[in-house]
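Here are the chains, one letter per residue:
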Amino acid sequence: KRYSGQKKIATYNILPLSPKSGVLEWVEDTIPIFDYLMSVGGKLGAHSRYYPSEWDYSSCSRHFNVKTATPEEKRKLFDEVCERHSPALRFFFLERFGHCAESWHTARMKYTRS
């Protein structure tokens, strides 16, 4: 990770594994977004904690995974998933930085600008 002057542009090394995937260098004190949002390894994810009665990731994926659907049918399936699976990433900042409004705002801005 390097910073360029006062602009604070961070660059990371990526090890390509295929034309569509690669491994990003490790960044300290971070967790994968999926691990935070979804229940993994017996740990309850944010979506299940905040929206326990809604569909989980697996249910949404199964519902939307119709290979023969027309574009109109896919749109209908997508809308059905959106009705049953609310966004939960906003709770990450509230849980981790909710103790101080300035910390919360700084963290949100760093995320949105990254």
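Quick summary incoming for the structure in this document. This is a predicted model, so every value here is computed, not measured.

### Thoughts on the overall build of the chain
For step 1, the next point in the chain: Assigned secondary structure in the chain consists of 6 helices and 4 strands.
For step 2, the next point in the chain: Across the chain, helices and strands are ordered from the amino to the carboxyl terminus as β-β-β-β-α-α-α-α-α-α.
For step 3, the next point in the chain: Every one of the 114 residues in the chain was classed for burial, and the buried ones make up 17%.
For step 4, the next point in the chain: If you take every contact in the chain between residues at least 6 apart in sequence, the share linking residues at least 24 apart comes to 37%.

### As for the pattern of salt bridges
For step 1, the next point in the chain: Counted by the stated rule, this structure contains 4 salt bridges.
For step 2, the next point in the chain: The shortest N-O distance in the salt bridge between Arg49 and Glu95 comes to 2.7 Å. One end of the pair, Arg49, is in helix α2 (residues 46-50); the other, Glu95, is in helix α5 (residues 90-97), and 46 residues separate them in sequence.
For step 3, the next point in the chain: The exposure class of Arg49 is partly exposed, given its relative accessible area of 35%.
For step 4, the next point in the chain: By relative accessible area, Glu95 is classed as partly exposed at 32%.
For step 5, the next point in the chain: Among the ionic pairs, Arg75 bridges to Asp79, the shortest N-O distance being 3.1 Å. With Arg75 and Asp79 both in helix α4 (residues 71-84) and 4 residues apart, the pair spans about one turn of that helix.
For step 6, the next point in the chain: Judged by its relative accessible area of 51%, Arg75 falls in the exposed class.
For step 7, the next point in the chain: Among the ionic contacts, a cluster of salt bridges with common partners joins Arg49, Glu95 and Arg96.

### Thoughts on the side chain of His85
For step 1, the next point in the chain: For His85, the location among the structural elements is in the loop between α4 and α5.
For step 2, the next point in the chain: Reaching out from His85, the side chain makes a polar contact with the side chain of His47 at a distance of 3.3 Å.
For step 3, the next point in the chain: Within polar-contact distance, the side chain of His85 engages the backbone oxygen of Trp55 at 2.9 Å.

Cut-offs applied
- Residues numbered from 1 in each chain as written.
- Predicted model: local features only at pLDDT ≥ 70, side-chain atom pairs only at ≥ 80, totals over all residues.
- Heavy atoms only, no water.
- Helix = DSSP H or I, 4+ residues; strand = E, 2+ residues; numbered from the N terminus.
- Buried < 20%, exposed > 50% of the residue type's maximum accessible area, 1.4 Å probe, protein only.
- Contact = heavy atoms within 4.5 Å.
- Salt bridge = Lys/Arg side-chain N within 4 Å of Asp/Glu carboxyl O.
- Polar contact = N/O pair within 3.5 Å; in protein donor to acceptor, adjacent residues only side chain to side chain.

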